[in-house]
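Coordinate analysis (summary)
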Amino acid sequence: MRVLVFSDADRAGAAAAAEIIAAFRDTPDGVLGVATGSTPEPLYARLRYAHATGALSLAAARAFALDEYVGLPAEHPQRYRNVLRAELVGDHRTGLRDTGLHTPDGLAADPHRAAADYDRDIRAAGGVDLQILGIGANGHIGFNEPGAATAGRTHVGALTEQTRRDNARFFGGELPRVPTHCITQGLGTICEARRILLLAFGARKAEAVRHLVAGEPTPAWPATVLQAHPSVTVFLDAAAAHSLGPDAAVEFVED
Ligand code: GLP
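Numbers given for residues are sequential positions, taken from 1 along each chain in its written order. The model is predicted, so local features are restricted to residues of pLDDT at least 70 and side-chain atom pairs to those at 80 or more, both for listing and for counting; the totals for chains, interfaces and linings are taken over all residues. Only hydrogens and water are set aside; all other atoms, that is, all heavy atoms of the structure, feed into the side-chain values.

The next point concerns the overall build of the chain. Labels follow the DSSP assignment, with helices taken as runs of H or I lasting at least four residues and strands as runs of E lasting at least two, numbered in each case from the N terminus. Scanning the chain from terminus to terminus reveals seven helices and 11 strands. For the radius of gyration, the atom set is restricted to C-alpha positions; the globular benchmark scales as 2.2 Å times the number of residues to the power 0.38. Taken over C-alpha atoms, the radius of gyration comes to 17 Å for the chain, in line with the 18 Å a tight globule of 255 residues would show. Expressed along its principal axes, the backbone C-alpha trace of the chain runs to roughly 50 × 45 × 35 Å. Between buried and exposed lies partly exposed: a residue is buried under 20% and exposed over 50% of the maximum accessible area for its type, with that area taken using a 1.4 Å probe on protein chains only. Looking at the chain as a whole, 53% of its 255 residues are labelled buried. Any two residues whose heavy atoms approach within 4.5 Å are treated as being in contact. Once local pairs closer than 6 in sequence are excluded, the contacts in the chain between residues at least 24 apart make up 78%. A total accessible area of about 10,800 Å² is found for the chain, and carbon and sulfur atoms account for 53% of it. Per-residue and other accessible areas follow the Shrake-Rupley method at a 1.4 Å probe size, with only the shown protein chains counted as cover for residues.

What follows is the structure, encoded as structure tokens:
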């Protein structure tokens, strides 16, 4: 695991974007794994800028989301399909086609079956080449909450109270409006991505980052499963790196 520390989130996002731009220059029809939440926003802004200046096109790419809420109406702005459309889809964004964007079907009559279908679709696409990840304050990745099976596949999950509270800001601050369930790629599914770029910003993530980088692997901190992955780069701002001890093997990237 390579750990890079930047002075701020924008610089970290730019560095992660540079990796994606280079990868899709080489392999325009590659498979990008995309995350939601606030963390990837500076990265997505850089991808849009790169598209506007001709440095990137995701027109031939396929993108697979990590997760989706169960039961949000099709037009709901916080449905992750709609969030990712607004960040990435179209010629005025990154060139990604709506047909190239894959998200779990949170409106399926049988969400368990939709989860299994989604896992199969990722494999049928050849797997994820480059996966963007955020991390929850409790160490979740995707929506794999503490205790999730290390080898888990895409499945229906229940959100913890903490995650629902964390995400209430996207629902007008009203906890009852936050869905209780999701479809998420499992930890086993996520770890099949060939390369992983994990971003974490702010002091609220510092404890999860400490476990990710320097803790014992444990289901109590789901992101620690990434310690066994052969190609993970972690992009931090100074606040998220704050709890790593002076001996942590990190690289400080100068402005
Ligand atoms: C959300 C998402 C994750 C995301 C995490 C952190 O609930 N399911 O994919 O990485 O929580 O979110 P944020 O980046 O907004 O802190």
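It suffices for a single heavy atom of a residue to lie within 4 Å of a molecule or strand for the residue to be listed as near it. As a matter of local geometry, the ligand sits amid 16 residues, with Ser 38, Thr 39, Asp 67, Arg 169 and Lys 205 nearest to it. Nitrogen and oxygen atoms within 3.5 Å of one another constitute a polar contact, given that in protein one can donate a hydrogen and the other can accept it, and given that sequence-neighbouring residues count only through two side-chain atoms. At 3.2 Å, a backbone N or O of Gly 142 approaches a nitrogen atom of the ligand. Within the contact set of the ligand, an oxygen atom lies 2.7 Å away from a side-chain nitrogen or oxygen of Lys 205. Isolated, the ligand exposes 390 Å² of accessible area, and the fraction of that covered by the protein chains is 97%. Here the term cavity refers to a set of points on a 1 Å grid, laid over the protein atoms alone, in which a 1.4 Å probe fits but cannot get out; the term pocket refers to an open set having protein on both sides within 12 Å along at least five of seven lines, with lining residues being those that place an atom within 4 Å of a point. Being in a pocket or cavity means that more than half of the molecule's atoms lie within 2 Å of its grid points. Here the ligand occupies the largest pocket. We call Asp, Glu, Lys and Arg charged. Ala, Val, Leu, Ile, Met, Phe, Trp, Tyr, Cys and Pro are nonpolar, and the rest, Gly among them, are polar. Split by residue class, the shell around the ligand holds three nonpolar, nine polar and four charged.

Another point: the environment of Gly 100. You can see Gly 100 is positioned in the loop between helix 3 (80-88) and strand 5 (101-102). By relative accessible area, which is 8% here, Gly 100 ends up buried. Put simply, Gly 100 and Ala 248 are 148 residues apart on the chain and 39 Å apart in space, counted from C-alpha to C-alpha. Beyond its immediate sequence surroundings of up to four residues, Gly 100 is in contact with Ala 61, Arg 62 and Ala 63.

Before going further, it helps to examine the sheet that holds strand 8 (residues 181-184). A pair of strands counts as paired when DSSP detects no fewer than two bridges linking them. The sheet built from three strands is open, its strands ordered 4-8-7 with antiparallel pairing. Every other strand in the sheet has two partners, leaving strand 4 (67-69) and strand 7 (155-158) as the edge strands with one partner each. Adjacent strand axes in the sheet meet at a mean angle of 30°, parallel and antiparallel pairs treated alike. Taken together, the four bridges between strand 7 and strand 8 define a ladder with antiparallel strand orientation. Whenever a helix is involved, its axis is fitted only over the stretch in contact; in every case the axis is a line through C-alpha atoms, and angles between N-to-C directions fall within 0 to 180 degrees.

Let's shift gears to the nonpolar core. Put simply, a nonpolar core is a bunch of buried Ala, Val, Leu, Ile, Met, Phe, Trp, Tyr and Cys residues held in one set by side-chain atoms that sit within 4.5 Å of each other. Formed by 64 residues in total, the largest nonpolar core has its most connected members in Val 34, Ile 141 and Leu 236. Ranked by residue count, the leading element in this core is helix 1 (residues 9-26), at seven residues. Residue contacts for Val 34: discarding those within four places in its chain leaves Tyr 44, Ala 63, Phe 64, Ala 65, Leu 66, Leu 84, Leu 88, Leu 101, Gln 131 and Ile 132. Grouped together as the second largest cluster of nonpolar side chains are 10 residues, Tyr 69, Leu 72, Phe 143 and Phe 171 included.

Centre distance and the angle of the planes are the two values used to describe a pair of aromatic rings. The criterion for an aromatic pair is that two Phe, Tyr or Trp rings (for Trp, the six-membered ring) have centres within 6.5 Å, with stacked assigned to planes under 30 degrees apart, edge-to-face to planes over 60 apart and tilted to the rest. On inspection of all chains with the given rule, the structure shows six aromatic pairs. Consider the rings of Phe 6 and Phe 235, whose centres lie 6.1 Å apart with planes at 15°: the pair is stacked. Residue Phe 6 is located in strand 1 (residues 2-6), and its partner Phe 235 is located in strand 10 (residues 232-237); the two are separated by 229 residues in the primary sequence. Grouping residues by exposure puts Phe 6 and Phe 235 together as buried. Between Tyr 69 and Phe 143, the ring centres sit 5.7 Å apart and the planes meet at 45°, which makes this aromatic pair tilted. Of this pair, Tyr 69 sits in strand 4 while Phe 143 is found in the loop between strand 6 (130-133) and strand 7, placing the two residues 74 residues apart along the sequence. Residue Tyr 69 is classed as buried on the basis of its relative accessible area of 2%. Phe 143 sits in the buried class, given a relative accessible area of 4%. Grouped by ring-pair contacts, the aromatic residues Tyr 69, Tyr 80, Phe 143 and Phe 171 constitute a single cluster.

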